[in-house]
Amino acid sequence: MGLFDFVKNAGEKLGFGKDEPARAPAAAPAKAPTPEDIKKASDRRRAMGLVKHIAGLGFEVEEFSVRVDGDLATLGGTAKSQSDREKIVLAVGNVDGIARVDDQMEVAEAEPEATFYTVKPGDSLSKIAKQHYGNAMKYPVIFEANKPMLSDPDKIYPGQVLRIPPLDS
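None of these values were measured; they are calculated from a predicted model.

Novice: Any chance you could explain helix H3 (residues 125-133) here in plain terms?
Specialist: Within an α-helix, residues lying three or four positions from one another point in the same direction, as the helix has 3.6 residues per turn. Among the residues of H3, those classed as buried are Leu 125, Ile 128, Ala 129 and Tyr 133. The buried side chains of H3 occupy one side of the element, clustering within an arc of 100 degrees when seen end-on. Residues of H3 that are exposed and point more than 90 degrees away from the buried face comprise Lys 130 and Gln 131. Tucked inside the fold, the buried residues of H3 contact strand E6 (115-118), helix H4 (139-145) and strand E7 (161-164).

Novice: Got a minute to help me understand helix H1 (residues 35-56) in this structure?
Specialist: Across its 22 residues, H1 extends 31 Å between first and last C-alpha, which sits within 8% of the 32 Å expected from 1.5 Å per residue. Residues of H1 that are buried: Ala 41, Ser 42, Asp 43, Arg 45, Arg 46, Ala 47, Gly 49, Leu 50, His 53 and Ile 54. Taken together, the buried residues of H1 touch strand E2 (61-69), strand E3 (72-81) and helix H2 (82-93). Backbone geometry just downstream of H1 places Gly 58 in the positive-phi region, at approximately 90 degrees.

Novice: Can you walk me through the nonpolar core in this structure?
Specialist: Nonpolar side chains in soluble globular proteins generally cluster together in the buried interior. Leu 50, Phe 64, Leu 75, Ile 88 and Val 92 are the most contacted members of the largest nonpolar core, which totals 22 residues. Mapped onto this core, the elements with two or more residues apiece are H1, E2, E3 and H2. It is H2 that contributes the most residues to this core, 5 residues altogether. With 12 residues, the next largest nonpolar core counts Ala 129, Leu 150, Ile 156 and Leu 162 among its residues.

Novice: Could you clarify how one ought to interpret the side chain of Ser 81 in this entry?
Specialist: With respect to the helices and strands, the residue Ser 81 is situated in strand E3. With relative accessibility at 10%, the residue Ser 81 sits in the buried group. Within the local environment of Ser 81, its side chain forms a polar contact with the backbone nitrogen of Asp 84, the two atoms lying 3.1 Å apart. Those residues in contact with Ser 81 that lie beyond four places of it in its chain are Val 107, Glu 109 and Glu 111.

The rules behind each value
Residues numbered from 1 in each chain as written. Predicted model: local features only at pLDDT ≥ 70, side-chain atom pairs only at ≥ 80, totals over all residues. Heavy atoms only, no water. Buried < 20%, exposed > 50% of the residue type's maximum accessible area, 1.4 Å probe, protein only. Helix = DSSP H or I, 4+ residues; strand = E, 2+ residues; numbered from the N terminus. Arc of directions from axis to C-beta. Contact = heavy atoms within 4.5 Å. Expected span 1.5 Å × (residues − 1). Core = buried A, V, L, I, M, F, W, Y, C linked by side-chain atoms within 4.5 Å. Polar contact = N/O pair within 3.5 Å; in protein donor to acceptor, adjacent residues only side chain to side chain.

So, in structure tokens, the structure goes:
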């Protein structure tokens, strides 16, 4: 799918971000870790946290991998469906500290791609549904398309990126 931009400091806080001190990799006692060693260790820890986050949401991806380099997360593996692929991209991108997601995943079942929408102040799912579908009462389509990341249709926030799937004909 490619590279996607997100709001870096908006999103779910998973406890492995910039506020947590980085642990350096095991090194010989005589050598102090360099700032680069500390950054690499922090990026690896954040990547492992994102893998756990995706597994915790119930997504199954064959050979799933995440590589973090600063605020960029690169995803690999094979998702069951296009829908799962998009949800995984959003689940990773809507994490505090991640500004870009490079989606290198494959898909087992091809289906039409959804569009992505960044929530603005004052938005609601019904307002977004009206804008995209012409009918505010279609908001459950957007809510269902963003589960399990959304647990309540009234709990969206500015900067969050949502999937807007095509309507079935």
